[in-house]
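Descriptive structure summary
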Amino acid sequence: MFESLDALAADAILKLIAEHQQDTRAHKVDLGVGVYRDQHGRTPVLSSVKKAERYLVEHQDTKAYLGSGGDPVFNDQMQRITFGDASSGNDRITTLQTPGGSGSLRIAAGLLLRARPDCRVWISDPSWNNHVPLLGGAGLRLEKYPYYDAATRGLRFDDMMAKLATVPAGDVVLMHACCHNPTGLDPSPEQWRQVADLVVERNLVPFVDIAYQGFATGLDEDALPVRLLEDRVPEMLVSSSCSKNFGLYRDRVGVLSLLSADAKTNTAVRSQAYQIVRTMYSVPPDHGCAVVSHILRDKALRAEWIGELAEMRGRLKAMRRLLVDALGQHAPGHDFSHVIGANGMFSFLGVSPEQVQRLKSDYAVYMVDSGRINVAGITPGNVEYLAKSIAAVL
Ligand code: LMR
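Structural notes, computed from the coordinates. (Residues numbered from 1 in each chain as written. Predicted model: local features only at pLDDT ≥ 70, side-chain atom pairs only at ≥ 80, totals over all residues. Heavy atoms only, no water.)

**Quick look at the packing of aromatic side chains**
- Per the stated rule, a full pass over the model turns up four aromatic pairs.
- The interplanar angle of 85° and the centroid separation of 6.3 Å between the aromatic rings of Tyr212 and Phe215 together place this pair among those described as edge-to-face.
- With relative accessibility at 5%, the residue Tyr212 sits in the buried group.
- Ring geometry for Phe246 versus Trp305: centroids 4.1 Å apart, planes at 10°, classification stacked. (Phe/Tyr/Trp six-rings, centres within 6.5 Å; stacked < 30°, edge-to-face > 60°. Buried < 20%, exposed > 50% of the residue type's maximum accessible area, 1.4 Å probe, protein only.)

**A word on the pairing of strand β7 (residues 172–176)**
- The element β7 is largely enclosed, with a buried count of five among its five residues.
- Burial of β7 is two-sided: the residues Val172, Leu174 and His176 facing one way and the residues Val173 and Met175 facing the other way are all buried.
- Relative to β7, strand β3 (residues 120–125) runs parallel, the two sharing two bridges. Bridging from a neighbouring strand, Trp122 pairs with Val173 of β7.
- Note that β7 and strand β8 (residues 205–210) share five bridges and pair parallel. Looking at β8, one finds that Met175 is bridged to Val208. (Helix = DSSP H or I, 4+ residues; strand = E, 2+ residues; numbered from the N terminus. Pairing = 2+ DSSP bridges.)

**A few points about the site of the ligand**
- In the neighbourhood of the ligand, the contacting residues comprise Ile13, Val33, Gly34, Trp128, Asn181, Tyr212, Lys244, Phe346 and Arg372.
- At a separation of 3.0 Å, an oxygen atom of the ligand approaches a polar side-chain atom of Trp128.
- Between an oxygen atom of the ligand and a side-chain N or O atom of Asn181, the distance comes to 2.9 Å.
- The fraction of the free accessible surface of the ligand (260 Å²) that becomes covered by protein chains is 80%.
- Each residue belonging to the shell around the ligand can be placed in one class, and the counts come to five nonpolar, two polar and two charged.
- Inspection of the shell around the ligand shows a minimum of three residues originating in each of domain 1 (10–46 + 307–393) and domain 2 (65–297). (Near = heavy atom within 4 Å. Polar contact = N/O pair within 3.5 Å; in protein donor to acceptor, adjacent residues only side chain to side chain. Areas by Shrake-Rupley, 256 points an atom, 1.4 Å probe, with all protein chains shown as cover. Nonpolar A, V, L, I, M, F, W, Y, C, P; charged D, E, K, R; others polar. Domains from an automatic or database assignment.)

**Observations concerning the packing of helix α12 (residues 299–330) against helix α15 (residues 383–393)**
- Relative orientation of the contacting elements α12 and α15 amounts to 50°, with a least axis distance of 9 Å. As summarised for this structure, α12 and α15 are arranged oblique, according to the angle between their axes. α15 is crossed by α12, and the crossing has right-handed handedness. Contacts from Leu322, Leu323, Ala326, Leu327, Gln329 and His330 of α12 reach α15 at Val383, Glu384, Leu386, Ala387, Lys388, Ile390 and Ala391.
- For the contact of α12 with α15, the per-class residue count stands at nine nonpolar, two polar and two charged. (Axes fitted to C-alpha atoms, helices over the stretch in contact; angles between N-to-C directions. Parallel < 35°, antiparallel > 145°, perpendicular 65-115°, else oblique. Left-handed = near helix turned anticlockwise from the far one by under 90°. Contact = heavy atoms within 4.5 Å.)

**Focus on the side chain of Gln79**
- Tracing the backbone shows Gln79 in helix α3 (residues 72–83).
- Excluding its chain neighbours within four sequence positions, the residues that come into contact with Gln79 are Gly84, Ser87, Ser88, Ile93 and Thr95.

**Let's talk about the nonpolar core**
- Phe215, Val292, Trp305, Leu323 and Met367 are the most contacted members of the largest nonpolar core, which totals 64 residues.
- Elements with a contribution of two residues or more to this core: α1 (12–22), α2 (47–59), α3, α11 (287–297), α12, α14 (353–363), β12 (365–366) and α15.
- Mapping this core onto the domain boundaries places at least three of its residues in each of domain 1 (10–46 + 307–393) and domain 2 (65–297).
- In this view, Phe215 contacts Tyr36, Cys179, Asp222, Lys244, Asn245, Leu309, Met312, Arg313, Leu316, Gly344 and Met345; residues no more than four positions away in its chain are not counted. (Core = buried A, V, L, I, M, F, W, Y, C linked by side-chain atoms within 4.5 Å.)

**Re unusual backbone geometry**
- The peptide bond linking Asp125 to Pro126 adopts the cis configuration, its omega dihedral lying at 5°.
- One can find Pro126 in the loop between β3 and α5 (131–137).
- A cis amide bond links Asn181 to the next residue, Pro182, at an omega of 20°.
- In this structure, Pro182 sits in the loop between β7 and α7 (189–202).
- Of note in the backbone geometry, Arg252 takes a positive phi value of approximately 60° without being a glycine.
- Of note, Arg252 is situated in the loop between β9 (236–241) and β10 (254–259).
- In the Ramachandran plot, Ser282 falls in the positive-phi region, its phi being about 70° despite a non-glycine side chain.
- Relative to the elements of secondary structure, Ser282 occurs in the loop between α10 (263–280) and α11.

What follows is the structure, given as structure tokens:
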């Protein structure tokens, strides 16, 4: 049977992890996969996470199954972070624990297909590499709306709004709440208000992917699109991830929040979502979720985590500035100022796929073929080498 299967090319982002690991050049630089790194190039376990894990070792008294929706206490904490404290107990919202943000997206796709099999989902052009395989692979019909202008290296806000104004009522619009992947360009608060007005006016269904909450400006500020829409739309889907803001990448921690028009519909939606979970992976993984739940409920640990998050955010911003300053020296005449204004881990550098290949083969500098860089891979120790290498291929 298996002989009928063709070998497929590896995922573009995950492939870079292995390529970088196998590269023996000491000066190699990894600007590939979206994981945070500290000034030494390490992705440490957060101190708040370590402390919560120690607490769990001592106090967790069972690993018995949870239900398909996961732990209600964790779900409530996560919902408060994204929707705000007032959302707790809202009988129009169901939040369920999922295996990371990807698991959340996949359950959302299953639910949309059950609710409306011919449903169309509009995604930004470009969007996260895996949005199309994940959502399209689940069977959803995907369409694109303009987002990034390669010529100006800025947001195509007017084009995006013009396109969204033509999207039929009832279609789903996927939006990155903050730290847009791959461009790092987010609408301003005023622009988000305009997007929200349009979504309400045209009766579109917002589907918010919030994978980097806390990496742009702050926890509340980064949830702005959710907060602007929650009281104004009858339905919304929100996929949240704790991979980045808690550094729990491999533990697979996320939630899916579903807003329905009324409590009765919410009950039906919840039962459908639980059944999708039961038929896919039965119950969600829990260790990382238990860690997050403990951190969010423990005053001191929560404060420590918020401090660690602020430190990560600050380092990302500082590295953007450092790189642009170094490029100013080594590649004068080229404008990289768009990198400074962007949020979170990513920016398009503005290099061609051929230049990306040369950076990899000749200089051991790794980035996604699109020219997306993860600024967390920059350190004060490698920035000079990095800027010289980029200058050499321009
Ligand atoms: C990325 O975009 O690099 C991250 O979200 C990791 C991934 O799974 O692609």
